Each structure stands twice: as C-alpha cells, then as structure tokens.
Amino acid sequence: MTDTSTPASPEATSPYPRELVLRVMPMPADANHNGDVFGGWIMAQVDIAGSVLPARLSKGRVATVAVKEFLFKQPVSIGDLLSFYSQIVRVGRTSITVQVEVMAERNPANPEVVKVTEAQLTFVAIDNTGKPRQFNQTS
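Residues numbered from 1 in each chain as written. Predicted model: local features only at pLDDT ≥ 70, side-chain atom pairs only at ≥ 80, totals over all residues. Heavy atoms only, no water.

Observations regarding the overall build of the protein chain
Along the protein chain, the regular secondary structure elements total one helix and six strands. Along the protein chain, from the amino end to the carboxyl end, the secondary structure elements read β-β-α-β-β-β-β. The 139 residues of the protein chain split such that 40% are buried. With an accessible surface of roughly 7,600 Å², the protein chain has 54% of that area assigned to carbon and sulfur atoms. (Helix = DSSP H or I, 4+ residues; strand = E, 2+ residues; numbered from the N terminus. Buried < 20%, exposed > 50% of the residue type's maximum accessible area, 1.4 Å probe, protein only. Areas by Shrake-Rupley, 256 points an atom, 1.4 Å probe, with all protein chains shown as cover.)

Below you can see the structure in the form of structure tokens.
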C-alpha cells in the first residue's frame, strides 16, 4: 500500500503525539447522487474526531468554539475507509486547539492512502451547566 500523503506538522514542537482517534467508512446515505460524500458529513466526523483528545486531556465535557481552517483536498467516495488523526497543537487555560487530518484508504485492487481533508479546531472545557472551566490537567 502506498501512502501519497505528506505528514503534517502543525507545530513541530508540540509535546503531544499525532493519534488515530476515529475510523469510519461512509455509507450510501452519506453521499450525493454522484457518489461523493457530503462535505457536511465529513465536517461532522472531523468535529467528533477533534473532540477526542481535548475531552481526554480535560477529563470532561468539551464544546467546539472555533474552526480556524477546513481544507477539502480530494473528494471522498463510498468505499473509502477514512482514518482521522488528531494532534493537540495548543493548550490554553480553558481551551485546546487540535489539528485533524483525514486519510482515505481506497482502491482495493491497487491500494493507496491519500489525505482528503484537514482542519484546525478549538474546543473549550465546559462544566455541567455549559460554562467554561479550567482543565483538570495532571499530565
């Protein structure tokens, strides 16, 4: 299998590793009449994947508060196996910014892995009433 992507380095000095946080295969209901997966469906999956590390680090609820950039590099088709990689690039008092990269494994007859989407999102730790709270960091 060839990997035609180049690894991203949102911040080469980040002490946090890039991690596989989600794997999913889009279904026909997630695509338009041409078989291309809806961008909104991909955005929702990126939001889910992006929340994994902030929720773990904050030891609780998080909410998406910003999307700095969202790049669709290639179309996603039914049958592509999508892998979502996330890396924390900034930790503030109540917020965490992550870089999410989406790789598609496609074409089983001649397998290849390509980067199809990347985004940068910021999450805020929230309490049970939805108010921002400081992180309970121990690591």
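On we go.
Topic: the nonpolar core
V46, L82, F84, V98, V116 and L121 are the most contacted members of the largest nonpolar core, which totals 25 residues. Those elements giving two or more residues to this core turn out to be helix 1 (39-58), strand 4 (81-91), strand 5 (95-106) and strand 6 (112-125). With residues up to four places along the chain from it excluded, the contact list for L82 reads L22, R23, V24, P26, W41, V76, V102, M103, A104 and V116. (Core = buried A, V, L, I, M, F, W, Y, C linked by side-chain atoms within 4.5 Å. Contact = heavy atoms within 4.5 Å.)

Comments concerning the pattern of salt bridges
Oppositely charged side chains may form a pair once their charged atoms are brought near each other. All chains considered together, the criterion is met by seven salt bridges. Between R23 and E105 there is a salt bridge, with its nearest N and O atoms 4.0 Å apart. Separated by 82 residues along the polypeptide, R23 in strand 2 (residues 19-24) and E105 in strand 5 bring together distant segments of the chain. Linked through salt bridges whose partners overlap, the residues forming this network are R18, K73, E101, K115 and E118. (Salt bridge = Lys/Arg side-chain N within 4 Å of Asp/Glu carboxyl O.)

Details of the packing of aromatic side chains
Taken as a whole and assessed by the stated rule, the structure comprises one aromatic pair. Taken together, a centroid distance of 5.2 Å and an interplanar angle of 35 degrees make the contact between F70 and F72 tilted. Accessibility expressed as a relative area gives 19% for F70, which makes it buried. Take F72: its relative accessible area is 43%, and that puts it in the partly exposed class. Over the face of the ring belonging to Y85 we find R18, whose NZ or CZ atom lies 4.1 Å from the ring centre. (Phe/Tyr/Trp six-rings, centres within 6.5 Å; stacked < 30°, edge-to-face > 60°. Lys NZ or Arg CZ within 6 Å of the ring centre and 35° of its normal.)

Examining the side chain of K115
Secondary-structure assignment places K115 in strand 6. Here K115 falls in the buried class, since its relative accessible area comes to 11%. There is a polar contact of 3.1 Å between the side chain of K115 and the side chain of E101. (Polar contact = N/O pair within 3.5 Å; in protein donor to acceptor, adjacent residues only side chain to side chain.)

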